[in-house]
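# Report on the structure
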Amino acid sequence: MKKNNLVLLKALLLSTSRINCLRHSDDKKKKKKIIGGIIGAIVIYLMIMAYSVSICIGYAESGIISSAPKMCALLISILGFTFTLFKTNGYLFNFKEYDMLMSLPFEAKTVAGCKFLYMYIKSLPWYLSISLAMLIGYSVYAKPGVLTYPVWIVLTFFLPIIPMLIASFLGFIIARLSAGFRKTNIVQTVLTFVFVVICFSLRFFIEDMFRNDKVDKTMQSISGATEGVAKYYLPVKWFSGAVTGFSVVDILLIIGISAALFALLFSIVGRSYRNINSALKSHAAARKFRMQKQKKKSVVSAIAFKEFKRFTGSTTYIVNVGMGEVLSLLFSIVVLIFGFDKVIGAVTQGAPLSAKMLQPAIPFIVYFFIGMLASTACSPSLEGKNYWIIQSLPIEKKTVYQGKMLFNMCLTVPFMELSILLLCISAKAPVLNTLLYMALGIGLCAFSTAWGCVCGIRHMKLEWENEIEVIKQGSAVAIYMFPNMFAVMGLTVLSVFLGTKLNHNLVTGVFILISAALTALSYKKVLKLSK
């Protein structure tokens, strides 16, 4: 990239830098939020590093520590591909500062390339957390040569570029296809949903292929599986060869192909970049419009409906928040078709768990999908620069948040109830148990809604240029997601354990009371924060 083009990248980074804001802002309250967000991010990175080190420990105990470099490359590649796929629409296409950037004296491909590099730099701490932690674990047990350290660290910066470019190209194709329709946002959302669901489905097909030795008999172990992946995804093989064999060819392949793909992709994207963004930012008007009688609604319902329109009007919002609901429904349908025992056996890899033992965990299994991200965790921040309008309205803040919580309940409860019902039918759960599981599902949705709203209000971020910064990278979302995710995993195991010792209805009743108490506490906190 030319030197003068680096000015654009620098401006993008400085405009959203927490450190830069911390240095120049005089707002003490804002500084406290920034410091809290930085501390929260550091905690998350430390958790990722601990998990990565534990992988190396497990590899060492199993005698396959030599596969650690391949696993490191694979994890970074998967993370880079996934992150980029969900962010492409908000970063490369249909972003709010498009008009301002395109008015500057830069080519379209330069703007697109800078936006990609901005996305890469913002995600870099995640990749470095995994890589440096696995390097530490690998060095302790494998005791590699001195050259391994600089080669490993340098190639870490290039390793995520190839999967990110692949995901960006797929996002470009989705945007290009959807730009040809009148309902661009709907088409783009549907195409993104379809592609993500296909990616999730491929995971299970690949696991089944490895498990049944359809590719190679050597893929029965973790080491064999990573070796198999390296045969098809060459950057994994190149990274391993570079850090273990110090292969100059492998080093040059990673760096050279990353640079070549970058130049090629944004040369292609630049040709239709303006047309795609113009199509995505335009809205088709109805040909036959008729003024109808307006219906009177309560203020809370009106705010919930407004949030619904905001939800359906943003591909980034609907894909990230609504993906859990879609996956929960698809999962329950698959379980109903193929059988509870068979699917659960495949997921747990043959663990001695029967359908009856897992019945108390059904609400938590569904909640693992649906509670992935509550709309209330990001919706307060999505008001952005329009927040002053809400403050000027003759409406109490608690009413605004009640409307946002009502929308999340309307979004999650139907999917929760239907998914639980389908799983209970497949597991042949008694009617009373099913009703209790559905009641617990409502309680979990209520807790997710209230707790997400607490996080959204406490860590509200109104100054943002791209909604991705709120939906995917906001402190409120991170603080909501990670404790919630680990708590659900623990409660799933606990419910199965208690189900083997106590009556299932008694266990479910206890969890209903606990979820109701936590919901009440969170709701009271919302009311307190809204004053």
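Everything quoted here is computed from the prediction, not taken from an experiment.

## Thoughts on the overall build of the chain
From N to C terminus, the chain includes 24 helices and zero strands. Out of the 531 residues belonging to the chain, those deemed buried represent 47%. Within the chain, residue pairs in contact and separated by at least 24 positions form 81% of the contacts whose partners lie at least 6 positions apart. Counting only carbon and sulfur atoms, one obtains 69% of the accessible surface of the chain, whose full area is about 26600 Å².

## Things to note about the nonpolar core
Ranked by size, the top nonpolar core spans 56 residues in total, and within it W126, Y127, M134, W152, F239 and F266 carry the most contacts. Top contributing element to this core by residue count: helix α6 (residues 108–142), with 15 residues. If we ignore the near neighbours within four places in the chain, the residues touching Y127 are I76, L79, G80, F83, T156, P160 and M164. Grouped together as the second largest cluster of nonpolar side chains are 52 residues, A304, Y367, C378 and L444 included.

## Topic: the side chain of S129
Mapped onto the elements of the fold, S129 is located in helix α6. Dropping the residues within four chain positions of it, S129 is found in contact with Y45, I48 and M49.

## Digging into the environment of E325
Along the chain, the position of E325 falls in helix α14 (residues 315–338). Residue E325 is classed as buried on the basis of its relative accessible area of 1%. Linking E325 and V366, residues 41 residues apart in sequence, is a C-alpha distance of 8.9 Å.

## What to know about the packing of helix α20 (residues 397–427) against helix α21 (residues 431–458)
Axis separation between α20 and α21 bottoms out at 9 Å; the angle between their running directions is 150°. On the basis of their axis angle, the class for α20 and α21 is roughly antiparallel. The handedness of the crossing between α20 and α21 comes out as right-handed. Of α21, the residues touching α20 (which contributes Y401, M405, N408, M409, T412, V413, M416, E417, I420, L421 and C424) are T434, Y437, M438, G441, I442, L444, C445, A446, T449, A450, C453 and I457. Residues of the contact of α20 with α21, tallied by class, amount to 17 nonpolar, five polar and one charged.

## What about the packing of aromatic side chains?
Summed over the entire model, instances satisfying the criterion amount to twelve aromatic pairs. Relative to F262, the ring of F116 lies with its centre 5.8 Å away and its plane at 50°, an arrangement referred to as tilted. Of this pair, F116 sits in helix α6 while F262 sits in helix α12 (residues 248–281), placing them 146 residues apart in sequence. Aromatic ring contacts, followed pair by pair, group F116, F262 and F266 into a single cluster.

## A short note on the confidence of the model for the chain
Across the chain, the average pLDDT comes to 77, with 78% of residues at 70 or higher. Confidence, read as mean pLDDT per element, is least for helix α9 (residues 184–211) in the chain (49) and greatest for α21 (92). Segment residues 180–185 is flagged for pLDDT under 50; beyond a separation of four residues in sequence, or across chains, it makes twelve contacts in the model.

## Points about α6
An α-helix turns once per 3.6 residues; consequently, residues spaced three or four apart project the same way. Helix length check: α6, at 35 residues, gives a terminal C-alpha distance of 47 Å against a target of 51 Å (1.5 Å per residue), a fit within 8%. Considering bend angle alone, the principal kink of α6 is centred on S123 and spans about 45°; proline P125 follows within four residues of it. At the C-terminal side of α6, K143 shows a positive phi close to 50°.

## Focus: unusual backbone geometry
Note: most peptide bonds trans; most residues except glycine with negative phi. A positive phi is found at K143, a non-glycine position, where the angle reads about 50°. Considering the arrangement of structural elements, one finds K143 in the loop between α6 and α7 (148–158). Note on K143: relative accessible area 62%, which makes it exposed. The phi dihedral of F246 is positive, around 50°, even though this residue is not glycine. Take F246: it is sitting in the loop between α11 (234–245) and α12.

## Let's talk about the packing of helix α17 (residues 362–370) against α21
The axes of two packed helices give the description: the angle between them and the distance between them. Their axes nearest at 9 Å, the elements α17 and α21 cross at an angle of 35°. For the crossing formed where α17 meets α21, the hand is right-handed. Residue-level contacts link P363, F364 and Y367 of α17 to Y437, L440, L444, F447 and S448 of α21. Its residues assigned to classes, the contact of α17 with α21 shows seven nonpolar, one polar and no charged.

## Looking at the pattern of salt bridges
A complete count under the given rule lists three salt bridges for this structure. Measuring nitrogen to oxygen at the nearest pair gives 2.9 Å for the salt bridge that ties K404 to E307. Pair noted here: K404 is in helix α20 and E307 is in helix α13 (residues 299–312), with a separation of 97 residues, a long-range link. Owing to a relative accessible area of 2%, E307 belongs among the buried residues under this scheme. Among the ionic pairs, K404 bridges to E383, the shortest N-O distance being 2.8 Å. Taken as a pair, K404 in helix α20 and E383 in the loop between α18 (379–382) and α19 (387–392) lie far apart in primary sequence, 21 residues in all.

## Concerning α11
Over its twelve residues, α11 extends 16 Å from the first C-alpha to the last, a length consistent with the 16 Å expected when each residue adds 1.5 Å. Among all positions of α11, only P235, V236, W238, F239, S240, G241, A242 and V243 are buried. A positive phi of about 50° marks F246, the residue just after α11.

## Looking at the environment of W152
Within the secondary structure, W152 is located in helix α7. Since its relative accessible area comes to 0%, W152 is described here as buried. Setting aside chain neighbours within four positions, we find W152 in contact with P69, C72, S131, M134, L135, Y138, F239 and V243. Within the local environment of W152, its side chain forms a polar contact with the side chain of S131, the two groups lying 2.8 Å apart.

## Regarding the environment of I34
In this fold, I34 is placed in helix α3 (residues 28–62). I34 gets classed as buried once you look at its relative accessible area, which sits at 11%. Taking the C-alpha atoms as reference points, I34 and L22, separated by twelve residues in sequence, lie 7.0 Å from one another. Contact partners of I34, with chain neighbours within four places excluded, come to R18, C21 and L22.

About the criteria used
Residues numbered from 1 in each chain as written. Predicted model: local features only at pLDDT ≥ 70, side-chain atom pairs only at ≥ 80, totals over all residues. Heavy atoms only, no water. Helix = DSSP H or I, 4+ residues; strand = E, 2+ residues; numbered from the N terminus. Buried < 20%, exposed > 50% of the residue type's maximum accessible area, 1.4 Å probe, protein only. Contact = heavy atoms within 4.5 Å. Areas by Shrake-Rupley, 256 points an atom, 1.4 Å probe, with all protein chains shown as cover. Core = buried A, V, L, I, M, F, W, Y, C linked by side-chain atoms within 4.5 Å. Axes fitted to C-alpha atoms, helices over the stretch in contact; angles between N-to-C directions. Parallel < 35°, antiparallel > 145°, perpendicular 65-115°, else oblique. Left-handed = near helix turned anticlockwise from the far one by under 90°. Nonpolar A, V, L, I, M, F, W, Y, C, P; charged D, E, K, R; others polar. Phe/Tyr/Trp six-rings, centres within 6.5 Å; stacked < 30°, edge-to-face > 60°. pLDDT = per-residue confidence, 0-100. Expected span 1.5 Å × (residues − 1). Bend = angle between axes of the 7 residues up to and from the residue. Salt bridge = Lys/Arg side-chain N within 4 Å of Asp/Glu carboxyl O. Polar contact = N/O pair within 3.5 Å; in protein donor to acceptor, adjacent residues only side chain to side chain.

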